[in-house]
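Geometric and topological summary
For reference, the chains in residue letters:
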Amino acid sequence: MKKTTVYDWPTRIFHWLFAFLFLGAYLIAEIVDDENPVFTLHMLAGLTIGFILILRIIWGFIGTTYARFSSFKLNPIEFIQYLKDAVVAKTKRYLGHNPASSYAALVMFICAAGLAITGVMMTSGGESDFYEETHELLANIFLITVIVHVGGIIFHHLKHRDSLWSSMIDGKKQPLPEKTGITNSKRFAGMLFLILTLMWSGYLYSKYDSTNQTIDLFGQELVLGEEEHESTYEGEVHEDENND
Ligand code: HEM
Ligand code: HEM
């Protein structure tokens, strides 16, 4: 049966940028020491996730049918029924997000927003254990959700064989009776999404001072490496010594 388009370009571009930036930020945080200049990329990826999330939220109100938050299936009873069916029988098919991926998306969006906020707080002088611990907790909730999300897609594929997995690549799903896909996949809006994201990354890069490892985010200086704290501290020590 001929597939129908459900996910527009901005939603798909967002999905893959979000996935790769998350994996990049997470891996850097796990592999690279936070005193290493490469750790800067962690913050740049995180700030870019924050930016694309804002674009996605706007798109959730003005985008095409299945990109809109109003089409997300967030009824808890429907969610429980969906999970039960997944175990005992075949789950009901959805043209847009199913209840499991609607909840997964919501949790990931909240985690990403929280990570960007706690990340900015940590690097703008608000050095408190609260921000650090919340940051780590959100990162781990995010990771678990990603694992469940990808596991769920594999599980769905084994059960239904309807190539749901590729709908975030080509935007298409098997049709359902009495449901219509979208007629315009918003290619131009997708290009704009990508251009704005590149401009944002360029802006961050232009405001990055590699000597001090700082970034000027709309007038707020973010200290992107631990070295800044150390060199300031050392500077203060030398001054004190000179005064003696
Ligand atoms: C780090 C990895 C990943 C993250 C963070 C992630 C995140 C997300 C998010 C946020 C959504 C909701 C999209 C929106 O409406 O904006 C979503 C949906 C979806 N993702 Fe992923 N994803 C990841 C990996 C994957 C992979 C590897 C695949 C499959 C090849 C995939 C396939 C899908 C599909 C098919 C949907 C729509 C599900 C539905 O129609 O119910 N994702 N994902
Ligand atoms: C989706 C985005 C992000 C993810 C997944 C993420 C993930 C992580 C993880 C897993 C850690 C290691 C926690 C630990 O084991 O101690 C970490 C640490 C850190 N992150 Fe992020 N982060 C993100 C965004 C950001 C942003 C936007 C900033 C700053 C602008 C930031 C700044 C930091 C800093 C400074 C640390 C080191 C904290 C410490 O000293 O323990 N992160 N992040």
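All figures in this text were calculated on a predicted structure; none of them were measured in a lab.

Each value, and the rule that gives it
- Residues numbered from 1 in each chain as written.
- Chains lettered and ligands numbered in written order.
- Predicted model: local features only at pLDDT ≥ 70, side-chain atom pairs only at ≥ 80, totals over all residues.
- Helix = DSSP H or I, 4+ residues; strand = E, 2+ residues; numbered from the N terminus.
- Buried ≥ 20, exposed ≤ 12 C-beta atoms within 10 Å, placed from the backbone.
- Contact = placed C-beta atoms within 7 Å.
- Expected span 1.5 Å × (residues − 1).
- Near = placed C-beta within 6 Å.
- Nonpolar A, V, L, I, M, F, W, Y, C, P; charged D, E, K, R; others polar.
- Pairing = 2+ DSSP bridges.
- Core = buried A, V, L, I, M, F, W, Y, C linked by C-beta atoms within 7 Å.

Our next topic: the overall build of the chain. A count of helical and extended segments in the chain gives eight helices and five strands. Start at the N end of the chain and walk to the C end: the helices and strands fall as β-α-α-α-α-α-α-β-α-β-β-β-α. Relative to its full complement of 244 residues, the chain shows a buried share of 27%. Looking at the chain alone, contacts between residues at least 24 apart form 69% of all its contacts between residues at least 6 apart.

Our focus in this paragraph is the environment of Ser-102. Position of Ser-102 among the secondary structure elements: in helix H4 (residues 99-123). It is 9.0 Å that separates the C-alpha atoms of Ser-102 and Ser-71, two residues lying 31 residues apart in sequence. Excluding residues that lie within four positions of it along the chain, Ser-102 makes contacts with Phe-72, Lys-73, Leu-74 and His-97.

In this section: helix H1 (residues 9-31). With 23 residues, H1 extends 33 Å from end C-alpha to end C-alpha; this agrees with the ideal 33 Å at 1.5 Å per step. Those residues of H1 lying buried are Trp-9, Pro-10, Thr-11, Ile-13, Phe-14, Leu-17, Leu-21, Phe-22, Ala-25 and Ile-28. Its buried side turned inward, H1 meets helix H2 (39-62), helix H5 (129-160) and helix H7 (187-206).

In the vicinity of ligand 2 there are 23 residues, among which Ala-29, Met-43, Gly-46, Gly-119 and Ala-139 approach most closely. When contributions to the shell around ligand 2 are tallied by element, the ones reaching two or more residues are H1, H2, H4 and H5. In terms of residue class, the shell around ligand 2 is built from 15 nonpolar, five polar and three charged.

Moving on, we get to the site of ligand 1. Not every one of the 21 residues close to ligand 1 is listed here, only the nearest: Ala-19, Asn-98, Ser-101, Ala-105 and Met-168. Mapped onto the shell around ligand 1, the elements with two or more residues apiece are H1, H4, H5 and helix H6 (167-170). The element contributing the most residues to the shell around ligand 1 is H1, with seven residues. Counted by class, the shell around ligand 1 contains 13 nonpolar, seven polar and one charged residues.

With antiparallel pairing, three strands are arranged side by side in an open sheet as S3-S4-S5. Edge positions in the sheet fall to strand S3 (208-209) and strand S5 (220-223), since each of these pairs with one other strand and no more. Alignment of strand S4 (residues 214-217) against S5, held across four bridges, turns out to be antiparallel. When the sheet's bridge partners are listed, Asp-216 is paired in S5 with Glu-221.

All right, on to the environment of Leu-21 then. Relative to the helices and strands, Leu-21 resides in helix H1. Separated by 23 residues in sequence, Leu-21 and Leu-44 have C-alpha atoms that sit 9.4 Å apart.

Counting 30 residues, the largest nonpolar core has Leu-21, Ala-25, Ile-49, Cys-111, Ala-112, Leu-115 and Phe-142 as its most contacted members. Breaking this core down by element, the ones donating at least two residues are H1, H2, H4, H5 and H7. Sequence-distant contacts of Phe-142, defined by excluding residues within four places in its chain, comprise Phe-22, Met-108 and Cys-111. Residues Val-6, Tyr-7, Trp-59 and Ala-67 belong to the second largest nonpolar core, which totals five residues.

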